[in-house]
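# Structural overview
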Amino acid sequence: MDNGPATCDIVIPCRDEAAALPLVLADVPDGFAVVVVDNGSTDGTADVARSLGARVVHETRPGYGAAVHAGVEAATAEYVAVVDGDDSMVLSDLPPMLAAVRDGHATMAVGRRRPVARGVWPWHARAGTLVLATWLRRSSGFGIHDLAPMRVCRRDDLLDLSIEDRRFGYPLELMVRASAAGWTVVERDIDYRPRAAGTTSKVSGSLRGTTRTIKDFGRVLRDVRAERVR
Ligand SMILES: Nc1nc2c(ncn2[C@@H]2O[C@H](COP(=O)(O)OP(=O)(O)OP(=O)(O)O)[C@@H](O)[C@H]2O)c(=O)[nH]1
Ligand SMILES: [Mg+2]
């Protein structure tokens, strides 16, 4: 890892990702630093993250949104990236995304998952993503085909959106608010790989997880309709 001040902090929400982190953090690009947000891990995630040179933040409230928000608040660099900690995504996809934002091509760069192997993206998760991304594309005008699984933007811009969801509707609320705030978004293809061996799915990898995620998305959509998210 580069020792100079980082341009971009990579926020990694982690629940029990000790087996994945050595793979995820094997190659942190120059100019990036890592903030691992641990909430409720029981497998030594925090110790592994620290031993690999990451800063560790603890969040007591469970949920993807709670972890991401804590990481963004704790970040100190001008730009923040958010990436999953299960080794399904690679950090080497981040520098071109950061460059797109720094060079003024868009307020935020988001990833579009391209599976590198069969079976990586279960049909139920993929179908849910397709429906929501299509709705978002039509309602926001963003040229997107995925739900911002990996993203980069200026930290201050993100905090200014005042996203409230602390569970799994966070990325959807982010996109709705970004659209209302007049952001521009570019989407870039990113590798989507099998999650690391020895780790388990928390969100959409199971039918139960997808159902829970859809419920959280439904809440965000109800709020959008009631004009509470504007
Ligand atoms: N801190 C924290 N992280 C979480 C929580 N739930 C999920 N995560 C992390 O959020 C990221 C995404 O979770 P995943 O379980 O990979 O979700 P997914 O990619 O939809 O599902 P898979 O297809 O099974 O990988 C991972 O890095 C998880 O460790 C949580 O409650 N707290
Ligand atoms: Mg995953």
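Now for a quick tour of the structure. (Residues numbered from 1 in each chain as written. Chains lettered and ligands numbered in written order. Predicted model: local features only at pLDDT ≥ 70, side-chain atom pairs only at ≥ 80, totals over all residues. Heavy atoms only, no water.)

### Some points on the environment of Gly182
Mapped onto the fold, Gly182 is located in the loop between helix 7 (170-180) and strand 7 (185-192). For the pair formed by Gly182 and Thr107, sequence separation is 75 residues and the distance between their alpha carbons is 9.2 Å. (Helix = DSSP H or I, 4+ residues; strand = E, 2+ residues; numbered from the N terminus.)

### Considerations on unusual backbone geometry
Although it is not a glycine, Asp16 adopts a positive phi angle of roughly 55°. Tracing the backbone shows Asp16 in the loop between strand 1 (8-14) and helix 1 (21-24). Not every positive phi belongs to a glycine, and Asp87 is a case in point at roughly 70°. With respect to the element layout, Asp87 can be found in the loop between strand 4 (79-82) and helix 4 (94-102). Judged by its relative accessible area of 9%, Asp87 is buried. (Buried < 20%, exposed > 50% of the residue type's maximum accessible area, 1.4 Å probe, protein only.)

### Observations concerning the nonpolar core
Judged by nonpolar contacts, the single largest core of 38 residues is most densely connected at Met108, Leu158 and Met175. At the level of secondary structure, the elements contributing two or more residues to this core comprise strand 2 (32-38), helix 3 (64-74), strand 4, strand 5 (108-115), helix 5 (123-140), helix 7 and helix 8 (207-225). Excluding residues that lie within four positions of it along the chain, Met175 makes contacts with Met108, Val110, Leu136, Phe142, Ile144, Ala148 and Val185. Among the nonpolar cores identified, the runner-up in size contains 37 residues, and Leu25, Val34, Val36 and Tyr192 belong to it. (Core = buried A, V, L, I, M, F, W, Y, C linked by side-chain atoms within 4.5 Å. Contact = heavy atoms within 4.5 Å.)

### Observations regarding the packing of helix 7 against helix 8
Packing of helix 7 against helix 8 brings their axes to within 8 Å, and their N-to-C directions diverge by 25°. By the criterion of interaxial angle, the relationship of helix 7 to helix 8 is roughly parallel. The way helix 7 lies across helix 8 gives a crossing that is right-handed. Between helix 7, through Leu172, Glu173 and Val176, and helix 8, the contact on the second element is made entirely by Phe217, Val220, Leu221 and Val224. Along the lines of polarity and charge, the residues of the contact of helix 7 with helix 8 split into 6 nonpolar, no polar and 1 charged. (Axes fitted to C-alpha atoms, helices over the stretch in contact; angles between N-to-C directions. Parallel < 35°, antiparallel > 145°, perpendicular 65-115°, else oblique. Left-handed = near helix turned anticlockwise from the far one by under 90°. Nonpolar A, V, L, I, M, F, W, Y, C, P; charged D, E, K, R; others polar.)

### Describing the packing of helix 5 against helix 7
Think of two packed helices as two axes; the pair is described by the angle between the axes and how far apart they sit. Viewed as axis vectors pointing N to C, helix 5 and helix 7 meet at an angle of 10°, and their least axial separation amounts to 10 Å. It follows from the interaxial angle that helix 5 and helix 7 lie roughly parallel. Here helix 5 contributes Leu132, Trp135, Leu136, Ser139 and Ser140 to the contact with helix 7, which in turn contributes Leu172, Met175, Val176 and Ser179. Its residues assigned to classes, the contact of helix 5 with helix 7 shows 6 nonpolar, 3 polar and no charged.

### Notes on the environment of Ala49
As for its position among the elements, Ala49 is in helix 2 (residues 45-51). Judged by relative accessible area, which is 0%, Ala49 ranks as buried. For the pair Ala49 and Glu17, spaced 32 residues apart in sequence, the C-alpha separation works out to 9.3 Å. Those residues in contact with Ala49 that sit more than four places away from it in its chain are Leu21, Val36, Ala54 and Val56.

### A closer look at the environment of Ala77
Examined against the element boundaries, Ala77 turns out to sit in the loop between helix 3 and strand 4. C-alpha of Ala77 to C-alpha of Ile10: the two residues are 67 residues apart in sequence and 9.4 Å apart in space. Ignoring any residue separated from it by four or fewer positions in sequence, one finds Ala77 in contact with Ala6, Thr7, Cys8, Asp9 and Arg155.

### Overview of the pairing of strand 4
Side-chain alternation along strand 4 places Tyr79 and Ala81 on one buried face and Val80 and Val82 on a second face that is also buried. Relative to strand 4, strand 1 runs parallel, the two being bridged by 4 bridges. Of the residues in strand 4, the one forming a bridge with Ile10 is Ala81. Note: strand 4 against strand 6 (residues 151-154), 4 bridges, orientation antiparallel. Counted as the bridge partner of Val82 is Arg151 from strand 6. (Pairing = 2+ DSSP bridges.)

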